[in-house]
Amino acid sequence: MTIFRRAALAAFLLVAACDGGPARVPDHTEKAGPFPAPDRPVAPVVSSRWSTEEERDRLNEASEVMAKAGIKRGMTVADIGAGEGYYTIRLAARVGKDGRVLAEDIIPQVRDTLALRVARERLEAVSVRLGAPNDPKLPDASFDRVVMVHMYHEIEQPYEFLWRMRPSLRPDGLVVVVDADRQTQNHGTPPALLKCEFAAVGYVQVATYDMPSAGGYLATFRPQGPRPEPSAIKPCRLS
């Protein structure tokens, strides 16, 4: 790893740790309807910015992530937790004029700022919408890839979120998660925990890669078998 890469990664870890508030520990006496609460802390929502877009491109971050995720021209991709649109803009270029990108965030002001950027850059293949913390509200059978970059650990009800997201994938569709290998309260998700939580909702892990350019690792998942009943989902236990 070059000195520049080490410095950029160190900066990412420092900024991600400075989250402006403590992690929330779920109250396991409460449930999101029939869905179980996660048996681990939930990190507070923070800005996705850890470096400038130019610096991230110098590390070849988005290009490496999109290549590992198998994102190609003509695909339809959802960018969940899109923030300021670093991935949205680059996904739009990757899928081209025959593809589509849906960029989503749960914070109205962030969504509005991104919508202005999309309009300013005349990205006709991009739609911007507001999601809900426990439901991405994606249309059924619509997406070849659903991308979540450094935000999974901030989802308060991950089992409900993943359950509601499943129908949005096309038959060969994948969920792509980029995260850091550290505890959720420190703005990361241990890979074994991520695999367990996805499996609890009926996803199978397809691949995992080290992604130092993106500050962690990349894992892909696809649905397998029937979607479980919400009351049958068993939360993963931290050891």
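My aim in this report is to walk through the structure given alongside it, one point at a time. (Residues numbered from 1 in each chain as written. Predicted model: local features only at pLDDT ≥ 70, side-chain atom pairs only at ≥ 80, totals over all residues. Heavy atoms only, no water.)

## A closer look at helix H7 (residues 191–200)
Residues Leu193, Leu194, Glu197, Phe198 and Ala200 constitute the buried set of H7. The arc that holds every buried residue of H7, seen down its axis, measures 160 degrees, which confines them to one face. The elements touched by buried residues of H7 are strand E4 (143–149), helix H6 (158–165), strand E5 (169–179), strand E6 (203–211) and strand E7 (216–223). Looking one or two places after H7, you find glycine 202, whose phi comes out positive at around 90 degrees. (Buried < 20%, exposed > 50% of the residue type's maximum accessible area, 1.4 Å probe, protein only. Helix = DSSP H or I, 4+ residues; strand = E, 2+ residues; numbered from the N terminus. Arc of directions from axis to C-beta. Contact = heavy atoms within 4.5 Å.)

## A word on the nonpolar core
The nonpolar side chains of a soluble globular protein tend to be buried with one another. Met148, Met165, Phe198 and Tyr203 are the most contacted members of the largest nonpolar core, which totals 30 residues. Of all elements in the fold, only strand E1 (76–80), E4, H6, E5, H7 and E7 reach the threshold of two or more residues within this core. Here this core takes five residues from H6, the largest share from any one element. The contact partners of phenylalanine 198, leaving out residues within four places of it in the chain, are Met148, Tyr152, Leu162, Val175, Val177, Tyr203 and Phe221. In this structure, Val101, Val147, Val149 and Val176 belong to the second largest nonpolar core, which totals 27 residues. (Core = buried A, V, L, I, M, F, W, Y, C linked by side-chain atoms within 4.5 Å.)

## Quick word on the pattern of salt bridges
One pass over the full model with this rule turns up eleven salt bridges. In this structure, arginine 237 engages aspartate 39 in a salt bridge whose closest nitrogen and oxygen atoms are separated by 3.6 Å. One end of the pair, arginine 237, is in the segment after E7; the other, aspartate 39, is in the loop between helix H1 (3–17) and helix H2 (53–58), with 198 residues separating them in the sequence. Looking at arginine 237, the relative accessible area reads 59%, which means it is exposed. Ionic pairing is found between arginine 90 and glutamate 53, a salt bridge with its closest N-O pair at 3.2 Å. Here arginine 90, found in helix H4 (residues 86–95), pairs with glutamate 53, found in helix H2; they are 37 residues apart in sequence, far enough to count as distant. Residue classification places arginine 90 among the buried positions, given a relative accessible area of 17%. Through salt bridges with shared partners, a single ionic network connects Glu53, Asp57, Arg90, Arg117 and Glu121. (Salt bridge = Lys/Arg side-chain N within 4 Å of Asp/Glu carboxyl O.)

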